[in-house]
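Coordinate inspection notes
Chain by chain, the residues run as shown.
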Amino acid sequence: MPVNDLTTTLNDGVELPMIGYGVWQILPETVTTTRVLDALSAGYRLVDTAAAYGNERGVGDAVRDFGRDNVFVTSKLWNPHHGRDATLRAFDATMDALGFDVLDLYLVHWPMPGVDLYVETWRTLVELRNSGRVRSIGVSNFHPEHLDRLAAETDTVPSVNQIEIHPFLQQRELRDDLQHRGIFAQAWSPLGAGALLSDPEVGRTAAEVGASPAQVVLRWLLDEGVGVLPRSGNPARIVENLRLDEVRLDPVHAVALRGLDRGLRTGPHPDTFTG
Ligand code: A2P
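Note that the structure is predicted; figures quoted are calculated from it, not measured.

We now examine the overall build of the protein chain. Within the protein chain, the secondary structure is distributed over 10 helices and 10 strands. Here the protein chain has a C-alpha radius of gyration of 18 Å; the compact-globule value for 275 residues is 19 Å, and the two agree. Principal-axis analysis of the C-alpha atoms places the extent of the protein chain at approximately 55 × 40 × 30 Å. Just so you have it, the protein chain exposes about 11300 Å², and 49% of that area is on carbon and sulfur atoms. Counting 25 positive and 37 negative side-chain charges, the protein chain places the averaged centre of each group 2 Å from the other.

So, in structure tokens, the structure goes:
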């Protein structure tokens, strides 16, 4: 099956495309709209935005222009808006910016354990899901102790945990934990914010299989069952990142990429980040 048609079925029955276009830092919003239209025309069927990215309106314009029906859109609740009332207001603002009646996936962007409102915030997402305004709900950057609290204090397991995953930060333990809980692992910065692209091992593999370094990393993550959200502001690279059908990695290549794990985080640490 072509990569752009690959989906996974989440624990609530919703079908999530395995590859999506990430729009962090794709600005200003006129550019967001153009790039999202480039991505949708290339065949992407998932667009991943967030209130914090400041481009939900640009995403919404592109998706409504292209045709809302066949596009899966994710957005995320930003950090200052934890707590029931603020979450409800923030969700309304997101929907207003996107111009949609129903959102596909809404995530709590960071747990902010120091603020300790993520359980109440999660209950509010459950309310929103039950009201039909969002099809699926999940979290981002959550660790097992945060998920334990959701399991102990609420009756709903998140469908997705979107975390930083790439060959330099493979998150094996956390991914095993998510699998046991039935939570899908989706990777932000699957290219290590670009850091992987100059790695000699990735370069060697790319030369051997006749693909680009970015394509090798994305194919490897998909082969591992991880959802990927590559981000690019360049139309040619947006297309390149979806052209993975001909990219085949042998077990020896897969093992070589597994060997690159070094705990290298390109983003903030979930235990301390407050935005
Ligand atoms: P650009 O926007 O100029 O394409 P990540 O998705 O891991 O956060 O990585 C994003 C970074 O990787 C961006 O700097 C982006 O730059 C770069 N990038 C994305 N796709 C490719 C590609 N196919 N080849 C080279 N660089 C890429």
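All right, on to empty space enclosed by the protein then. Taken as a whole and assessed by the stated rule, the structure comprises one cavity of 30 Å³ or more. Taken as a whole, the largest cavity holds about 50 Å³ of empty space. The wall of the largest cavity is formed by Trp-110, Asn-141, Phe-142, His-143, Ile-163, Glu-164, Gln-171, Leu-174, Trp-188, Arg-265, Pro-268 and Pro-270. For the lining of the largest cavity, a count of residues per class yields seven nonpolar, three polar and two charged.

Before going further, it helps to examine the packing of helix H2 (residues 56-66) against helix H3 (residues 84-98). Relative orientation of the contacting elements H2 and H3 amounts to 45°, with a least axis distance of 7 Å. Comparing their axes, H3 and H2 come out oblique. Between H2 and H3, the residues in contact are Glu-56, Arg-57, Val-59, Gly-60 and Arg-64 and Thr-94, Asp-96, Ala-97 and Leu-98, respectively. Of the residues in the contact of H2 with H3, the class split is three nonpolar, two polar and four charged.

If you check the shell around the ligand, you find 15 residues, and the closest are Leu-191, Arg-231, Ser-232, Gly-233 and Arg-237. Here Gly-233 contributes a backbone N or O atom positioned 2.8 Å from an oxygen atom of the ligand.

Of the pockets and cavities examined, the largest pocket occupies roughly 360 Å³. Lining the largest pocket are 22 residues, and of these Trp-24, Tyr-53, His-109, Trp-110 and Trp-188 sit closest to its centre. For the lining of the largest pocket, a count of residues per class yields 11 nonpolar, eight polar and three charged.

A word on the sheet that holds strand S4 (residues 46-48). With parallel pairing, eight strands are arranged side by side in an open sheet as S3-S4-S5-S6-S7-S8-S9-S10. A strand with exactly one partner marks an edge of an open sheet, and here the two such strands are strand S3 (21-22) and strand S10 (227-228). Bridge count between strand S9 (residues 184-188) and S10: two bridges; the pairing is parallel. Across the sheet, residue Gln-186 finds its bridge partner in S10, namely Gly-227. Contacts from H3 reach strand S5 (72-77), strand S6 (103-108) and strand S7 (134-140), with the element oriented near 140° to S6.

This part covers the environment of Gly-43. Relative to the assigned elements, Gly-43 resides in the loop between helix H1 (29-42) and S4. With 41 residues separating them in the primary sequence, Gly-43 and Pro-2 have C-alpha atoms 9.9 Å apart. Look past the residues within four positions of Gly-43 in its chain and what remains in contact with it is Asn-4 and Leu-242.

Reading the values: rules and limits
- Residues numbered from 1 in each chain as written.
- Predicted model: local features only at pLDDT ≥ 70, side-chain atom pairs only at ≥ 80, totals over all residues.
- Heavy atoms only, no water.
- Helix = DSSP H or I, 4+ residues; strand = E, 2+ residues; numbered from the N terminus.
- Rg over C-alpha atoms; globule rule 2.2 N^0.38 Å.
- Areas by Shrake-Rupley, 256 points an atom, 1.4 Å probe, with all protein chains shown as cover.
- Lys, Arg positive; Asp, Glu negative; His and termini not counted.
- Charge placed at Lys NZ, Arg CZ, Asp CG, Glu CD.
- 1 Å grid on protein atoms, 1.4 Å probe; cavity = no way out; pocket = protein on both sides within 12 Å on 5 of 7 lines; lining within 4 Å.
- Points joined across faces, edges and corners; volume = space filled by probe spheres on them.
- Nonpolar A, V, L, I, M, F, W, Y, C, P; charged D, E, K, R; others polar.
- Axes fitted to C-alpha atoms, helices over the stretch in contact; angles between N-to-C directions.
- Parallel < 35°, antiparallel > 145°, perpendicular 65-115°, else oblique.
- Contact = heavy atoms within 4.5 Å.
- Near = heavy atom within 4 Å.
- Polar contact = N/O pair within 3.5 Å; in protein donor to acceptor, adjacent residues only side chain to side chain.
- Pairing = 2+ DSSP bridges.

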